[in-house]
Amino acid sequence: IVCRVGVCIFFLTFFGTGPASAGYAYITRSITREFPTWVWSDFWDAFKTNIKQGLVVLLFDIIVVPLLLLAAFVYFQFASAGNGTYMIFLYMLIILFVMLMTMHAFIYQIMVTYECSIKMLFKNSLLLAFAKFPITVIISLISCAVIIFASKTLDPRFSFILFWVFLYGVVRFPLEFYAARTVERLIEADTPE
């Protein structure tokens, strides 16, 4: 059960929860820009405003992430049987999974900041993920360490409750804060007035 709780927390942190992640991203963006914010009402406003795109991203994650993990499992089984070619495919899938994970740090920040199509949302977040890959991975690894520590040392039921009450903000906030600052610096600095 500890492993299941840790995996659940991992996926909720790094891949988000669709429109709810958009609401959280909006609150984080407001805090980083020192805008006055009413957490509860602004969260729900951002939730409603970004519900369509948030659901599309959530549906994409529900379909693509399990398929990537299933393909990685199959390639690992073939590679374990002695076929080295599948090890190359496995490494490519791991890199793709990590890029998708780092992309998600920027998807919701771009979603709540700009009006753009789903295609542009994914394209811009992928470009930012490439541009800021090392720092995003370091922040993600620190967040993973907190998740692993909480799920291994605490009682699973307690860690899950603690996660929803407190740890979600602690684990996700550095990623969202960094993404909000990066979007502000890189995209808005290049936007003509």
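Residues numbered from 1 in each chain as written. Predicted model: local features only at pLDDT ≥ 70, side-chain atom pairs only at ≥ 80, totals over all residues. Heavy atoms only, no water.

## Quick notes on the overall build of the protein chain
Here is step 1 of the chain: Each helix and strand in the protein chain was counted, giving 8 helices and 0 strands.
Here is step 2 of the chain: For the protein chain, the sequential pattern of α-helices and β-strands runs α-α-α-α-α-α-α-α.
Here is step 3 of the chain: Within the protein chain, buried positions represent 41% of all 193 residues.
Here is step 4 of the chain: Excluding contacts between residues fewer than 6 apart, the proportion of contacts in the protein chain whose partners are at least 24 apart in sequence is 79%.
Here is step 5 of the chain: By element, 75% of the accessible surface of the protein chain is carried by carbon and sulfur atoms, the whole surface being about 11,000 Å². (Helix = DSSP H or I, 4+ residues; strand = E, 2+ residues; numbered from the N terminus. Buried < 20%, exposed > 50% of the residue type's maximum accessible area, 1.4 Å probe, protein only. Contact = heavy atoms within 4.5 Å. Areas by Shrake-Rupley, 256 points an atom, 1.4 Å probe, with all protein chains shown as cover.)

## Observations regarding the packing of aromatic side chains
Here is step 1 of the chain: Counted by the stated rule, this structure contains 11 aromatic pairs.
Here is step 2 of the chain: Centroid distance Phe43 to Phe47: 6.3 Å. Interplanar angle 35°. Geometry classified as tilted. Taken together, the residues span about one helical turn, with Phe43 and Phe47 both in helix α3 (residues 39-49) at a distance of 4 residues. Like Phe47, Phe43 is buried. (Phe/Tyr/Trp six-rings, centres within 6.5 Å; stacked < 30°, edge-to-face > 60°.)

## A word on the nonpolar core
Here is step 1 of the chain: Judged by nonpolar contacts, the single largest core of 28 residues is most densely connected at Val57, Phe106, Ile107, Tyr108 and Met111.
Here is step 2 of the chain: Per-element accounting of this core gives the leading share, 13 residues, to helix α5 (residues 85-113).
Here is step 3 of the chain: For Met111, the contacting residues outside a window of four places in its chain are Ala22, Asn50, Gln53, Gly54, Val57 and Leu121. (Core = buried A, V, L, I, M, F, W, Y, C linked by side-chain atoms within 4.5 Å.)

## What about the packing of helix α4 (residues 51-80) against α5?
Here is step 1 of the chain: With their axes 9 Å apart at the nearest point, α4 and α5 run at an angle of 165° to one another. Taken as axis vectors, α4 and α5 run roughly antiparallel relative to one another. The chirality of how α4 crosses α5 is left-handed.
Here is step 2 of the chain: A breakdown of the residues in the contact of α4 with α5 according to their chemical character gives 23 nonpolar, 3 polar and 1 charged. (Axes fitted to C-alpha atoms, helices over the stretch in contact; angles between N-to-C directions. Parallel < 35°, antiparallel > 145°, perpendicular 65-115°, else oblique. Left-handed = near helix turned anticlockwise from the far one by under 90°. Nonpolar A, V, L, I, M, F, W, Y, C, P; charged D, E, K, R; others polar.)

## A short note on the packing of α4 against helix α6 (residues 118-131)
Here is step 1 of the chain: It is the contact of α4 with α6, at a shortest axis distance of 11 Å, that shows an interaxial angle of 65°. For the crossing formed where α4 meets α6, the hand is right-handed. On α6, the residues touching Gln53, Val56, Val57 and Phe60 of α4 are Ile118, Leu121 and Phe122.
Here is step 2 of the chain: Split into classes, the residues belonging to the contact of α4 with α6 amount to 6 nonpolar, 1 polar and no charged.

## Quick word on the environment of Leu69
Here is step 1 of the chain: You can see Leu69 is positioned in helix α4.
Here is step 2 of the chain: Taking the C-alpha atoms as reference points, Leu69 and Ile94, 25 residues apart in sequence, are found 8.9 Å from one another.

## With respect to the confidence of the model for the protein chain
Here is step 1 of the chain: This prediction gives the protein chain a mean pLDDT of 80; 84% of its residues lie at or above 70.
Here is step 2 of the chain: The element-level mean pLDDT for the protein chain is lowest in helix α1 (residues 2-15), coming to 57, with α6 highest at 90. (pLDDT = per-residue confidence, 0-100.)

## Quick look at α4
Here is step 1 of the chain: In a regular helix each residue adds 1.5 Å, so 30 residues correspond to 44 Å; α4 covers 43 Å between its end C-alpha atoms and thus fits that length.
Here is step 2 of the chain: Just downstream of α4, Gly82 is the residue with a positive phi angle, here 110°. (Expected span 1.5 Å × (residues − 1).)

## Considering helix α2 (residues 19-32)
Here is step 1 of the chain: The terminal C-alpha atoms of α2, which comprises 14 residues, lie 20 Å apart, in line with the 20 Å expected from a rise of 1.5 Å per residue.
Here is step 2 of the chain: Burial of α2 is extensive: 11 of the 14 residues sit out of reach of the surface.
Here is step 3 of the chain: Within the sequence span of α2, burial applies to Pro19, Ser21, Ala22, Gly23, Tyr24, Ala25, Ile27, Thr28, Arg29, Ser30 and Thr32.
Here is step 4 of the chain: A positive phi of about 60° marks Glu34, the residue just after α2.

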